[in-house]
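In case you want the letters, here they are:
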Amino acid sequence: MKMNRREFLRGTGMAGAAAAMGWLRPGAASASNEVFRMAYGSDLRALDPANTLSPDDSLARSWCNGLLRFKPGSGNPEEFELDLAEKFDVGDDNKTYTFQLRKGVQIHNGRGELTSADVKWSFDRMNDERLASINRGRFQVIDGIETPDRHTVRFYLKEPDSLFIYTLLNFRGGFIVARAGSEGKEPGKMLFDPPLATGPFKITEIKPRQVIVLERHDQYFRGPSKLKRVEFPIVRSLVTRILSLKKGELDATYLGPVPKPQLEGLRSDPDIVVDIPDSDYNTCLHFNLTMKPMDDKRVRQAIAYAINRDDILKLFEPMAKPLYGPVSPTCVGALQESEIPVEHKYPYNAEKAKALLKEAGYGSGLRLETVASTSVPHVIQPLQVVQQHLARVGVDLKLHTTDTPGYLRDSRANKYPLNIYGGKRFPHAYDYLFEWFHTSADVTKPTRITNISRYGAVGRNVDAMLDGVRRTSDRKRQAELLKQAQLQILEDLPAFPLYIPLLGFARRKNVDLGYNFQDTTAMTYNLTEKSQVL
């Protein structure tokens, strides 16, 4: 199963390559109720849980466990359940977290019992620079980990952190893996040769740009799964995925922001179930506050008033919702639309935009530049609409296009005064606000994350409010601080909230997931020991 990233990404790259290679066979999905096939629309970034993002992070839930987990089907972190831990205790100072592990949890491939040493190793390895974990920043508050016995693990934190418990859920870096089987492996070469784990399924096969295969873990501590084998073929063409689902070659597929005609066609099929959960994804237009003219709040406000969100929503109808705050309202602690003052929603007003530009000294016009990736339509298409809107008020926005790595690089450099950017984070307002707007997350700093607006480099910041959220265990006080931070961000306008893309999934009617699917964090169906094909 050993494979490096280059080998994984090498392949034909043809839409429907999985079908050509025989992974989609006529009637195959219904041939056995022990086999489940779900198509992805793109390659995975990584399989090592220390480096997973969506959708690989969602897939990891089918073969890994956390100390705690999201309740299956739910994206609400406040509804978390015990997973590898059977109980835990939080010290009065919010600096000590002690977990008692379930006894007898078996590692894949008969490699014995998972112990506290494996838990410690799972978090210690993320500090290994050779691993270059993209989730490393989520665990920097850990000062040390102690293992008093085989089934006890204790975390010591550098400072009080009432939100630390959420980082231990089965999400981006919170997965527990086993040291057994990883001896001698170079950390930096484990992206597609991941450590063993303990989940209901285990990875047994990886074919570049074709398929990921999981098989049942018979010694799973919650009992063996009803499914014997799970296949995730890579099928880039949405049309191919939909046709294959309708013909029974697939049991399920990822749809993404599916166009309205295809969505209606699926919903009219009596053998298909379409799932469109609410979303914690947000898309904003970020202004680089250290570059002129974005250092002038009037220019930022003018751009906001010049944009008509309704025209952007029409691009993805019905797979998008308007975003008025810096965080999707589905997240814990996020502002609801009713809590946002009208003036901070920046409703479309072209005349007001022109007046603000004139007041700022740009009454005769303004030229700006930005960048987008040609392979990310939900970014480049809205930008093209924004171009049209800005032109109406005298702003000439030049759009440069590049590949995704170039877009990610250029949007983080002091190259363009504004950039459209979006993403999914842990579904708590704190995580979004910290990663996008905390001074330490400034993309020019060693502690960089995604503060591409450079908010806090000049003018006000929300650092004290966000730091206060972690330091207090008073939920009411946390909510107050989060609300204050979001309202200040809307007033200062380092970023203009645009829209929330909704992600669709579809499955055949005979697929029983074993839970009610309402997961706002998901990029795939999470398969558990209860999932089955009837």
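Above: the structure in question.
What counts and what doesn't
- Residues numbered from 1 in each chain as written.
- Predicted model: local features only at pLDDT ≥ 70, side-chain atom pairs only at ≥ 80, totals over all residues.
- Heavy atoms only, no water.
- Salt bridge = Lys/Arg side-chain N within 4 Å of Asp/Glu carboxyl O.
- Helix = DSSP H or I, 4+ residues; strand = E, 2+ residues; numbered from the N terminus.
- Buried < 20%, exposed > 50% of the residue type's maximum accessible area, 1.4 Å probe, protein only.
- Pairing = 2+ DSSP bridges.
- Axes fitted to C-alpha atoms, helices over the stretch in contact; angles between N-to-C directions.
- Contact = heavy atoms within 4.5 Å.

Visitor: Honestly, the pattern of salt bridges in this entry has me stumped. Any pointers?
Guide: Any two side chains of opposite charge can pair if their charged atoms end up close together. By the definition in use, this model includes 38 salt bridges. Across the pair Asp269 and Lys246 runs a salt bridge, and its minimum N-O distance is 3.1 Å. One end of the pair, Asp269, is in the loop between helix 7 (260-267) and strand 14 (272-275); the other, Lys246, is in helix 6 (residues 238-247), and 23 residues separate them in sequence. Note that Arg409 and Asp410 form a salt bridge whose closest N and O atoms lie 3.4 Å from each other. Using a relative accessible area of 52% as the deciding quantity, one classes Arg409 as exposed. Since its relative accessible area comes to 8%, Asp410 is described here as buried. Bridged by salt links that share partners, the residues Arg37, Glu205, Lys207, Glu215, Arg229 and Glu231 form one connected network.

Visitor: Is there a simple way to explain the sheet that holds strand 5 (residues 85-90) in this structure?
Guide: Strand pairing within a sheet occurs via backbone hydrogen bonds; the two strands may be parallel or antiparallel. Read across the sheet, 4 strands follow the order 5-6-8-7 without closing on themselves; strand pairing throughout is antiparallel. Two strands lie at the open edges of the sheet, namely strand 5 and strand 7 (142-149), each paired on one side alone. Neighbouring strand axes in the sheet, compared pairwise and without regard to direction, differ in orientation by 20 degrees on average. By the bridge criterion, 5 bridges tie strand 6 (residues 96-101) to strand 8 (residues 152-157) in an arrangement that is antiparallel. Pairing of Thr98 across the sheet is with Arg154, part of strand 8. Contacts from helix 5 (residues 116-124) reach strand 6, strand 7 and strand 8 within the one sheet, and its direction differs from that of strand 7 by about 165 degrees.

Visitor: Help me out: how do you make sense of the sheet that holds strand 16 (residues 320-322) in this one?
Guide: Spatially, 4 strands are ordered 16-20-15-19 in an open sheet, and the strand pairing comes out antiparallel. Here the strands that pair on one side only, and so sit at the sheet edges, are strand 16 and strand 19 (418-423). Here the average twist between neighbouring strands, direction ignored, is 25 degrees. Bridge count between strand 16 and strand 20 (residues 495-501): 3 bridges; the pairing is antiparallel. Its bridge partner being in strand 20, Ala320 is matched across the sheet by Pro501. Here helix 9 (residues 309-316) sits on the sheet and contacts strand 16 and strand 20; the angle it forms with strand 20, its principal contact strand, is near 30 degrees.

Visitor: Would you mind going over the pairing of strand 1 (residues 35-39) with me for this structure?
Guide: Two faces belong to every sheet, and in a regular strand the side chains alternate between them. Most of strand 1 is tucked away, with 5 of its 5 residues classed as buried. Of the two faces of strand 1, the one lined by Val35, Arg37 and Ala39 and the one lined by Phe36 and Met38 are each fully buried. Here 3 bridges tie strand 1 to strand 12 (residues 229-233), and the two strands are oriented parallel to one another. Looking at strand 12, one finds that Arg37 is bridged to Glu231. Pairing of strand 1 with strand 13 (residues 252-256), which is carried by 2 bridges, proceeds in the parallel orientation.

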